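# Fold and geometry: a report
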Amino acid sequence: MDHFLYRDGQLHAEDVPLSVIADAVGTPVYVYSSATLLRHFRLFDEALDGLDHLVCFAMKSLSNLAVLKLLAGAGAGMDVVSGGEYARARAAGVPGERIVFSGVGKTADEMRAALKGGIRQFNVESEPELRRLSEVATGMSAVAPITLRVNPDVDARTHEKIATGKADTKFGIPISRAREVYAEAARLPGIEVVGIDVHIGSQLTDLAPFEAAYRRVAELTEVLRADGHRIDRLDLGGGLGIPYTASNEVPPLPTEYGALIKRTVGHLGCEVEIEPGRLISGNAGLLLTSVIYLKSGEARDFLILDGAMNDLIRPAMYDAWHDIVPVREPAPGVERAPYDIVGPVCETGDIFAKGRMMPPLSEGDLVAFRSAGAYGAVMASEYNSRPLVPEVLVQGDQFAVIRRRPTFDEMIARDTIPEWL
Ligand SMILES: *Cc1c(COP(=O)(O)O)cnc(C)c1O
């Protein structure tokens, strides 16, 4: 459920008509609903009631400072995957003990910054990383709390670019080698083993792969404990999918996911962390754009928008579907016609939808992409020298620009021309 509904013939974000935001900020622009973000976070938090737990928002899905502050204020921790994300989380006021650091390629500088600023744990993904972390920590006379990310070799049955739990991906340590690597971790100075981590992929619409992975983690917990390791904490990753369209199969609810966690690992007495991203931020945001032209082609008609693949790359990169809706509510039963919906970027791949049935639209009309809160603004670029898309946060009847659109001058000023040119 989200808080983007038609009211008085106009699509609103909570109590704010989207046309008001378009007039004030221009398009394209991302618009987020605070109520939706908080609602989704709380669903997870409540689903783990009764377990010692921390919900760490996977901020790579949406990392604006204002959003981080909102979620942290509700009790969220953060899952970060880079030094930049760590710095953002700290700048949003998230204490180090609520930040977990994931990712296959952490550098020594990133490790140092996190150890200095405070960190709940590093989720270590390889032996070379483990040795590097040991060197960095001992060099600082610090101790790095770690889990090892194990790769349980389960098929998440999702898009291949976002499946991470199969043996042939770059992620984690094969679960078959876990005992050996945990033994090395226990020997290394500056390293303190605190638990196990797993994350099998994104946009999962079925609980079975989670169940298989978490059962393997539960078995591994017993084995590692018998080997003498302290396994107090299980980080179970993120990945629960969202409905991108009403006609989609409905993904499991956080409550069902929570029940699965309790069933598979609840008996172990561990503190549980989860790292949802998309399910918190996805349906909490939309991309608001305007129609520039309606162009009739020989074989098909095109709707040319002022939003493009540089603003929302998911359709081009993952063949993702987004519901695309007019901001002015179409009359009931109005005739629809098929359009290829495209942006102005000079790439054939700059296409959002083919043959999408749309109600009548005119130049200047506003059109919104639903479910664009996750992996939307964070993946935006300035390709074609289109200034980075701005972001707006709505709360009730108020809204604020939380990242403004750079001017052309600001965009250009980041380049420098060498003196010798
Ligand atoms: C991307 C990622 C997540 C979040 O995935 P969602 O599908 O957005 O929930 C969580 N943990 C790790 C390690 C990730 O890489």
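Residues numbered from 1 in each chain as written. Predicted model: local features only at pLDDT ≥ 70, side-chain atom pairs only at ≥ 80, totals over all residues. Heavy atoms only, no water.

Our next topic: the packing of aromatic side chains. For the structure shown, the criterion picks out 7 aromatic pairs. Summarising the aromatic geometry, the rings of Phe101 and Phe122 are spaced 5.9 Å apart at their centres and angled 20 degrees between planes, so their arrangement reads as stacked. One end of the pair, Phe101, is in strand S7 (residues 99–101); the other, Phe122, is in strand S8 (residues 121–124), and 21 residues separate them in sequence. Each member of the pair, Phe101 as well as Phe122, carries the same accessibility label: buried. Ring geometry for Phe352 and Phe369: centres 4.6 Å apart, planes at 65 degrees, overall edge-to-face. Here Phe352, found in strand S18 (residues 351–358), pairs with Phe369, found in strand S19 (residues 366–369); they are 17 residues apart in sequence, far enough to count as distant. For the pair Phe352 and Phe369, one class covers both residues: buried. (Phe/Tyr/Trp six-rings, centres within 6.5 Å; stacked < 30°, edge-to-face > 60°. Helix = DSSP H or I, 4+ residues; strand = E, 2+ residues; numbered from the N terminus. Buried < 20%, exposed > 50% of the residue type's maximum accessible area, 1.4 Å probe, protein only.)

This brings us to the site of the ligand. Near the ligand lie 15 residues; those nearest to it are Lys60, Ser202, Glu275, Arg278 and Tyr375. Between Asp79 and the ligand, the recorded distance is 3.3 Å, taken from a side-chain N or O atom to a nitrogen atom. Tyr375 places a side-chain nitrogen or oxygen 2.6 Å from an oxygen atom of the ligand. Of the residues that constitute the shell around the ligand, the class distribution is 3 nonpolar, 7 polar and 5 charged. (Near = heavy atom within 4 Å. Polar contact = N/O pair within 3.5 Å; in protein donor to acceptor, adjacent residues only side chain to side chain. Nonpolar A, V, L, I, M, F, W, Y, C, P; charged D, E, K, R; others polar.)

Here the focus is the environment of Ala183. In this fold, Ala183 is placed in helix H7 (residues 178–187). Residue class for Ala183 comes out partly exposed when judged on its relative accessible area of 27%. In this structure the C-alpha to C-alpha distance between Ala183 and Phe101, which are 82 residues apart in sequence, comes to 21 Å.

Assignment of secondary structure puts Ser202 in the loop between strand S11 (191–197) and helix H8 (208–226). At a separation of 2.8 Å, a polar atom in the side chain of Ser202 contacts the side chain of Arg278. Sequence-distant contacts of Ser202, defined by excluding residues within four places in its chain, comprise Thr158, Ile162, Gly239, Arg278 and Tyr375. (Contact = heavy atoms within 4.5 Å.)

For the rest of this paragraph, the subject is H8. In this model, H8 (19 residues) spans 28 Å end to end at C-alpha, consistent with the 27 Å of a helix rising 1.5 Å per residue. Taken together, the buried positions of H8 are Pro209, Phe210, Ala213, Tyr214, Val217, Ala218, Leu220, Thr221 and Leu224. Packing partners of the buried residues in H8 comprise strand S9 (144–151), H7, S11, strand S12 (233–235) and helix H9 (254–265). (Expected span 1.5 Å × (residues − 1).)

Side chains carrying opposite charge are able to pair once their charged atoms draw close together. Taken as a whole and assessed by the stated rule, the structure comprises 23 salt bridges. The residue Glu129 makes a salt bridge to Lys106 at a minimum N-O spacing of 2.5 Å. Of this pair, Glu129 sits in helix H6 (residues 127–139) while Lys106 sits in the loop between S7 and helix H5 (108–117), and the two are 23 residues apart along the sequence. Accessibility expressed as a relative area gives 7% for Lys106, which makes it buried. A salt bridge links Arg120 to Glu273; its shortest N-O distance comes to 2.6 Å. (Salt bridge = Lys/Arg side-chain N within 4 Å of Asp/Glu carboxyl O.)

Before going further, it helps to spend a moment on the pairing of S8. Residues of S8 alternate between two faces, with Gln121 and Asn123 on one and Phe122 and Val124 on the opposite face, all of them buried. For S7 and S8, the ladder comprises 2 bridges, and the chain directions are parallel. Its bridge partner lying in S8, Val100 is registered against Gln121. Handedness of the S7-H5-S8 crossover: right-handed. Two elements, S8 and S9, share 3 bridges in a ladder whose sense is parallel. (Pairing = 2+ DSSP bridges. Right-handed = clockwise from strand over helix to strand, strands pointing away.)

Glancing now at the nonpolar core. Of all hydrophobic cores here, the largest spans 98 residues; its most connected members are Leu37, Phe122, Ile146, Tyr214 and Ile261. Looking at this core element by element, the count peaks at 7 residues for H8. Not counting the four nearest positions on each side in its chain, Leu37 is found in contact with Tyr32, Leu62, Val67, Leu70, Leu71, Ile280, Ser281, Ala284 and Leu393. Of all hydrophobic cores here, the second largest spans 18 residues; its members include Val16, Ala22, Val31 and Val327. (Core = buried A, V, L, I, M, F, W, Y, C linked by side-chain atoms within 4.5 Å.)

So, on to the packing of H8 against H9. As a packed pair, H8 and H9 sit with axes 9 Å apart at the nearest point and diverge in direction by 30 degrees. Classified by the angle their axes make, H8 and H9 are roughly parallel. The two elements H8 and H9 meet at a crossing, and its hand is right-handed. Seen from H8, the contacting residues are Phe210, Glu211, Tyr214, Arg215 and Ala218; seen from H9, they are Tyr257, Leu260, Ile261, Arg263, Thr264 and Val265. Looking at the contact of H8 with H9, its residues break down into 7 nonpolar, 1 polar and 3 charged. (Axes fitted to C-alpha atoms, helices over the stretch in contact; angles between N-to-C directions. Parallel < 35°, antiparallel > 145°, perpendicular 65-115°, else oblique. Left-handed = near helix turned anticlockwise from the far one by under 90°.)

Turning our attention to the side chain of Thr147. Along the chain, Thr147 turns up in strand S9. A distance of 2.6 Å separates polar atoms of two side chains, one belonging to Thr147 and the other to Asn123. In this structure Thr147 touches Gln121, Phe122, Asn123, Val124, Tyr182, Val194, Gly195, Ile196 and Asp197, once residues within four positions along its chain are discounted.

Moving on: the sheet that holds strand S2 (residues 10–13). With antiparallel pairing, the 3 strands of this open sheet are ordered in space as S1-S2-S3. The open sheet has two edge strands with one neighbour each: strand S1 (4–7) and strand S3 (16–17). Bridging between S1 and S2 involves 4 bridges; their strand directions are antiparallel. Of the residues in S2, the one forming a bridge with Tyr6 is Leu11.

The subject of this paragraph is the domain arrangement of the chain. When cut into domains, the chain gives domain 1 (4–31 + 282–413) and domain 2 (103–274). Each partner contributes residues to the interface: domain 1 has 11 residues there, and domain 2 has 9 residues. Summing both partners gives a buried area of about 780 Å² for domain 1 against domain 2, and 50% of it is carried by carbon and sulfur. The largest per-residue losses of area from domain 1 upon contact with domain 2 belong to Asn283, Tyr318 and Trp321, which jointly make up 46% of the total buried on that side. On the surface where domain 1 and domain 2 come into contact, there are 0 salt bridges. Between domain 1 and domain 2 we count 2 residue pairs in polar contact (both at pLDDT 80 or more) in total. A breakdown of the residues in the side of domain 1 that touches domain 2 according to their chemical character gives 4 nonpolar, 4 polar and 3 charged. (Domains from an automatic or database assignment. Buried area = accessible area lost by both parts, 1.4 Å probe.)

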